[in-house]
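Tertiary structure, described
If you want the building blocks of each chain, they are given just below.
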Amino acid sequence: MTLSIGIVGLPNVGKSTLFNALTRAQNAEAANYPFCTIEPNKAVVPVPDRRLAELAKLVNPERIVAATVDFIDIAGLVAGASKGEGLGNKFLGNIRETQAILEVVRCFEDDDVVHVAGSVDPVRDVEVIETELILADMETVEKAIQRVEKQLKADKAFKPRLDLLQALLKHLESGKAARGFFNLEKELDAEVMSELCLLTSKRVIYCANVDEAGMSEDNDHVRRLREMAQSRGEETVKISAKMEEELSALEDAERDEFLQSYGVTESGLEQVIRKGFDILGLSSYFTAGPKEVKAWTIHKGWTAPKAAGVIHTDFEKGFIRAEVISYDDYVRLGSEAKCRAAGVMRTEGKDYVVQDGDVMHFLFNV
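Overview of the structure. (Residues numbered from 1 in each chain as written. Predicted model: local features only at pLDDT ≥ 70, side-chain atom pairs only at ≥ 80, totals over all residues. Heavy atoms only, no water.)

**Section: the overall build of the chain**
- In terms of helices and strands, the chain carries 14 helices and twelve strands.
- Buried residues in the chain amount to 51% of all 366 residues.
- A separation threshold of at least 6 residues defines the contact pool for the chain, and within that pool the share at least 24 residues apart is 69%.
- On the chain, roughly 17600 Å² of surface is accessible, and the fraction owed to carbon and sulfur atoms is 48%. (Helix = DSSP H or I, 4+ residues; strand = E, 2+ residues; numbered from the N terminus. Buried < 20%, exposed > 50% of the residue type's maximum accessible area, 1.4 Å probe, protein only. Contact = heavy atoms within 4.5 Å. Areas by Shrake-Rupley, 256 points an atom, 1.4 Å probe, with all protein chains shown as cover.)

What follows is the structure, given as structure tokens:
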């Protein structure tokens, strides 16, 4: 499985510059005018994980394969987009299938960079973006209600579904996002949410885009954005898209030194991916052998058979057992053979809950 993140924001707030930086490639045209991104840009980005390199030092594999994140950069959004303003709702379908949304918000002053609303106000900008997402979701729910009303005429069993959709529409009409509306312990709620793919049901990471001076200390714009995000139970990252773009051209050692000069311990890419993994409850386990060392993305709480299924469905269907070594034990002892001899290689069955950093071998029979 792959984490997918849609990058949204008003025009000209640094989305494409950030996209270029995150992907270490100039895949999205960055220009000082609205709507320079006409088609969505997608990039598959390796997840930075220093543990892979440490394992590779011990195993000496033919290749190293990181877990990946799909970043999708969407054309700038303006007020009225859900009704056809700007590029209209052309972008909406491109982020329906993503798991999370990164809202890039301008938090710096610069007279040379035009703001579509004429001034910098991160809270206002977020409200514009999320109002359009809610309006788009309302349209989706209204269409679903029309379909279910027709079905209800032939089958009264659709009444609970109609009641749920009508309650959801009322919730959205009050200006509230779909996040938190559904009770996923109820089968119908989970089914409807999965079918609708609502934009406002996705978790959000607010990205405060600052200039280089804003990296050392939060400015007023960043503080306001953090307060708003905290009140909504969402995460905030602060990055300088322009600085990240410069970092993308540096080697790892140079990049680390550059970050340290600003008192920053991790890049914007690392922050965004770490927050994405956290809010979606994701983790990684590893396979390590002479052919490759590879990271696999799973949901926290998954059992060994389900985790094996991300490698191949046959691994899950024919699961027998798993041989497991914790990452710390593997690095401390230096090899699989030494871990086995020390008794820290464990044999686990179908009920074993995979832990972040486990190094695993699966035995299966189909």
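**A few points about helix α2 (residues 50-59)**
- Taken together, the buried positions of α2 are R51, L52, L55, A56 and V59. Projected down its long axis, α2 carries its buried residues within an arc of 135 degrees, all on one side. In α2, the exposed positions angled more than 90 degrees off the buried face are occupied by R50 and K57.
- On its buried face, α2 sits against β3 (63-65), β8 (282-288), β9 (292-299), α13 (327-333) and β12 (359-364).
- A positive phi of about 55 degrees marks N60, the residue just after α2. (Arc of directions from axis to C-beta.)

**Section: the packing of aromatic side chains**
- For the structure shown, the criterion picks out five aromatic pairs.
- In this structure an aromatic cluster arises from ring pairing among Y285, F319 and F362.
- Above the face of the F108 ring, R106 is positioned so that its terminal group lies 4.6 Å from the ring centre. (Phe/Tyr/Trp six-rings, centres within 6.5 Å; stacked < 30°, edge-to-face > 60°. Lys NZ or Arg CZ within 6 Å of the ring centre and 35° of its normal.)

**A closer look at the nonpolar core**
- Residues I5, L18, F71 and L102 are the most contacted members of the largest nonpolar core, which totals 52 residues.
- When neighbours within four sequence positions are excluded, I5 is seen to be in contact with V69, D70, F71, I72, T98, A100, L102 and V272. (Core = buried A, V, L, I, M, F, W, Y, C linked by side-chain atoms within 4.5 Å.)

**Concerning unusual backbone geometry**
- For N60, which is not glycine, the phi torsion reads 55 degrees and is therefore positive.
- Of note, N60 is situated in the loop between α2 and β3.
- For N60, a relative accessible area of 64% corresponds to the exposed category.
- The phi dihedral of C197 falls on the positive side, at around 50 degrees, and the residue is not glycine.
- Secondary-structure assignment places C197 in the loop between α6 (187-196) and β6 (203-209).

**With respect to the pattern of salt bridges**
- The full count for this structure, using the stated rule, is 24 salt bridges.
- The closest approach of N and O atoms between D73 and K15, which form a salt bridge, is 3.5 Å. Of this pair, D73 sits in strand β4 (residues 68-73) while K15 sits in helix α1 (residues 15-23); the two residues are 58 residues apart in sequence, bridging distant segments of the chain.
- For D73, a relative accessible area of 0% corresponds to the buried category.
- Each of D49, R51 and D356 takes part in a single network of salt bridges with overlapping partners. (Salt bridge = Lys/Arg side-chain N within 4 Å of Asp/Glu carboxyl O.)

**Here's the deal with the state of the cysteines**
- Enumeration according to the criterion identifies zero disulfides in this entry.
- Considering cysteine sulfurs only, C207 is the nearest to C107, which forms no disulfide, with 8.6 Å between them.
- Overall, C107 belongs to the buried group, its relative accessible area being 0%. (Disulfide = S-S within 2.5 Å.)

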